[in-house]
Amino acid sequence: MSNKISYLLNTVRCMPRCNSVLAPKSSATARKQVLWIGRYRNPLENVNFREFLNIFPSVHGSSLRFLSQKTDVFSTTDVFATVAKIQPENTEALVTEEAPQSSLELEKLDDSETFKVKHVMNHSELFFNRLQKCTCPCDVLDLASESAVSIKHFTNCLTTVWRLFKKLSEEQQRYEKQLIFEHPAFPKLCQQLLRDSRRMTRGDLVFSLHAVVNLGVPQNTLLVQTLVRVCQEKLNQLDNRCISVLATTLAGMDTDKNVSALQAGLQLLVEQRIPSIRDIFTLQNLMKCMGKDAPVFLKKKLEMAVLKEIDHLTFLNALRVFSALVAMNYCSIPILNACSKKIQENVHDVPFRQLILILEACYNLQYRNVKLFSVVADYVNSTACLWDKRQIILFLSAFETLGFQPSELLGVFAEKLIEDPEFLNLKNLMIVLRVYSRLSYVPSGQRDLFFETLHSCLNKYLPQISNTDLLKAVYSLCILGYLPHRALNELLQKDSRDELLLPDDLYKEQKEMMLRCVKACMELDSPSFMKPAFVLTENLSSILSLNLRKAREALIELLGNENMFRQNVQLPYKYHIDFEIRMDSDRKKVLPVAATDDHADSSVQRLAFLFVPLSAFCMGTTHPQGKLAMKKRHLNKLGYDVILVLNKKFQEMTNEDAVEFLKGKIYSENSEVTGQDNN
């Protein structure tokens, strides 16, 4: 009994020595250690304590484990039983030698003498290694439910879920999203993010918001709204990378009070930070976020920032900047030219969808770059065998919207269409008709076969086509100079016309115009149509637009007086011409208009001057688009030699040059268009 008391007394004497080794050296250090321990309490409130021990050993119980590696359940009896077995003289040696081998190692950090647990670091390293090996979102959620213990773990789980999710196909994403939201760990993960949102680092905060929004968590949920509010609070703490991520996230969110407030704050912050941003990727994200409503001065600041870094522009940046400028609704010619050059150099690496988006961006920004369009068209034409026919149709539709005629590609596709017309559904047929009619292109060697193929496809869909689509299809073929008789008969039935011209139809005027053109084509393009000896004309008005006054003055100076020409002339079928001049058969002498009005004289030649805008031609060419080509064809049928003049170039001429230009056109048998801008 005395021996046991002796052992106990010796043990009690050793206790202060052990405590002096294990305890913090100051009360301040002790407070810091307590605060450090407290950081890990909140994420684990709902975790079973025994499970917690297996995942993250308790710091409070660690000293007891340190003294006895085999102790699993701690009690006062066990402690004293363990301590009683330790020899007093070996206590210091035990503390010194056993510490590196135990499950808990203490390490001094910085001057504050704060300690951290190496076991936690080992656990985190193991956790992140396992996280990197996850191959699907549900694997990540399984790992989160098993091993995640800190806010860093939870935020990385969420961003990894999004990273894996976005790599899936659209169909796989729909299925995987359902699995994610039904996974029991996902609500707990969201709850943890909500609870610790104000303690996240700035990077974790913005990336978590980005992941949550893109995974499809509803914007009106408490989680999303809380993350948005915290971003507002920490906005000034965000670095440029975080600002870029936040800008990308906000660009995809609906407008509400919190989002609007954050966008307004971000706009002010961006205005201050622009001079310090040197990354084009960050700048293009900011351009997207600022959007169309950004003030002009801010758009110009972003433009100048991009231009400063334009020498570092990469191919991928060039693709993204196009869409960023569209989002900001800002046409910066220097930036677009630099991006276009990069795209032309790497056109073979641009995916199909991205090429279409580039062409659409050029249309939205009213950016006319004939060289870029030609390179894209040549690339598609040279690889036509690799593209699906429907993909080529989308390219042609994009070019048609731009008013650019890719003649070689149109010819190649016409051949494919003649060889295999069965792939054309009604939607694609309507696109093909619209493209070829607006660009006024008919394959020269296969004209009849091309029209027969289109007519046959149209006849196949007559039982199911709507009256509006039927009108558009017939109108397109008529513009090209082909009359589809069966479709015309269907269109001109009384029931069809009554349905087309409903009083409350918003497109009534447009439909009336199309019907008028169809009627003109039926009469003027019919094989039975005979060229009239002369056409009755009338002046619409003696008042000319400002654009034509220069031409009128030049004609007066050239011809002597106003009796030698007529201006603003109205013709049948509601056609009108800007100026009419009559000449002898040799085109050597201009005749007074009044002297040739009342008699038919086949020796009189009639010249029709049409001053047309740049948009009436296919981009970069002197080839008239569909409606102008039809008008020119019909005026020829009515006995006129048509002279097309690009009005923009004519207005830029001096008075002397304008007179010489008109003189050359009047006294020349060549009526080709001049003055077209090919740039």
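Residues numbered from 1 in each chain as written. Predicted model: local features only at pLDDT ≥ 70, side-chain atom pairs only at ≥ 80, totals over all residues. Heavy atoms only, no water.

1. Here we look at the packing of aromatic side chains
Following the criterion strictly, the structure yields 18 aromatic pairs and no others. Seen from their ring centres, W162 and F165 are 6.1 Å apart, and the 35° between their planes marks the pair as tilted. Of this pair, W162 and F165 both sit in helix α9 (residues 151–166), 3 residues apart, which is roughly one turn of the helix. For the pair formed by W162 and F165, the shared burial category is buried. Geometry around F423 places K389 over its ring, the cationic atom sitting 5.4 Å from the centre. (Phe/Tyr/Trp six-rings, centres within 6.5 Å; stacked < 30°, edge-to-face > 60°. Helix = DSSP H or I, 4+ residues; strand = E, 2+ residues; numbered from the N terminus. Buried < 20%, exposed > 50% of the residue type's maximum accessible area, 1.4 Å probe, protein only. Lys NZ or Arg CZ within 6 Å of the ring centre and 35° of its normal.)

2. A look at the confidence of the model for the protein
On average, residues of the protein score 79 in pLDDT, and 77% of them reach the 70 mark or higher. Here residues 12–120 is modelled with pLDDT under 50, and outside its nearest four sequence neighbours on either side it reaches 101 contacts, counting other chains as well. Ignoring residues within four places in sequence, the model shows residues 675–679, a span with pLDDT below 50, making 14 contacts including any to other chains. (pLDDT = per-residue confidence, 0-100. Contact = heavy atoms within 4.5 Å.)

3. A short note on the pattern of salt bridges
Within this structure, the stated rule accounts for 21 salt bridges. The closest approach of N and O atoms between R199 and D196, which form a salt bridge, is 2.3 Å. Owing to a relative accessible area of 44%, R199 belongs among the partly exposed residues under this scheme. Salt bridges sharing partners connect three or more residues here, namely E400, R434 and R438. (Salt bridge = Lys/Arg side-chain N within 4 Å of Asp/Glu carboxyl O.)

4. So, the packing of helix α23 (residues 407–419) against helix α24 (residues 426–438)
Helix-helix packing: each pair is described by the crossing angle between the helix axes and the interaxial distance. Remark: α23 packs on α24, axes separated minimally by 12 Å, with the N-to-C direction vectors making an angle of 140°. Taken together, α23 and α24 sit at an angle that is classed as oblique. In the packing of α23 onto α24, the handedness of the crossing is left-handed. Of the residues in α24, those in contact with L410, F413, A414 and L417 of α23 are V432, V435 and Y436. Across the contact of α23 with α24, the residue classes break down as 7 nonpolar, no polar and no charged. (Axes fitted to C-alpha atoms, helices over the stretch in contact; angles between N-to-C directions. Parallel < 35°, antiparallel > 145°, perpendicular 65-115°, else oblique. Left-handed = near helix turned anticlockwise from the far one by under 90°. Nonpolar A, V, L, I, M, F, W, Y, C, P; charged D, E, K, R; others polar.)

5. Thoughts on the side chain of D525
Position of D525 among the secondary structure elements: in the loop between α29 (508–524) and β3 (538–539). There is a polar contact of 3.1 Å between the side chain of D525 and the side chain of R633. Side chain to side chain, D525 and H634 meet in a polar contact 3.2 Å long. Once residues lying within four places of it in the same chain are set aside, the contact partners of D525 are C478, G481, L483, A520, R633, H634 and K637. (Polar contact = N/O pair within 3.5 Å; in protein donor to acceptor, adjacent residues only side chain to side chain.)

6. Observations concerning a negative patch on the surface
A contiguous patch of negative charge, built from E557, E656, D657 and E660, is present on the exposed surface. The element contributing the most residues to the negative patch is helix α33 (residues 655–666), with 3 residues. Position of E656 relative to the elements: it lies in helix α33. Given a relative accessible area of 57%, E656 falls into the exposed group. (Patch = residues over 30% accessible without salt bridge, like charges linked within 9 Å, V, L, I, M, F, W, Y side chains within 5 Å. Areas by Shrake-Rupley, 256 points an atom, 1.4 Å probe, with all protein chains shown as cover. Lys, Arg positive; Asp, Glu negative; His and termini not counted. Charge placed at Lys NZ, Arg CZ, Asp CG, Glu CD.)

7. Section: the side chain of D196
One can find D196 in the loop between α11 (185–195) and α12 (202–215). You can call D196 buried: its relative accessible area is 1%. Separated by 2.7 Å, the side chains of D196 and Q192 make a polar contact.

8. A few points about α11
In an α-helix, one turn spans 3.6 residues; hence positions three or four apart end up facing the same way. Of all the residues in α11, the buried ones are A185, F186, L189, C190, Q192 and L193. End-on view of α11: buried residues confined to an arc of 160°, all on one side of the axis. (Arc of directions from axis to C-beta.)

9. Notes on the environment of M430
On the secondary structure map, M430 appears in helix α24. In this structure, the C-alpha to C-alpha distance between M430 and D469, residues 39 residues apart in sequence, is 7.6 Å.

10. Looking at the packing of α12 against helix α13 (residues 222–233)
Close contact between α12 and α13 brings their axes to 10 Å; oriented N to C, the two are set at 150°. As far as their axial angle goes, α13 and α12 are roughly antiparallel. Here the hand of the crossing between α12 and α13 comes out left-handed. Contacts between α12 and α13 pair L205, V206, S208, L209, V212 and V213 from the former with L223, V224, L227, V228, V230 and C231 from the latter. Here the residues of the contact of α12 with α13 sort into 11 nonpolar, 1 polar and no charged.

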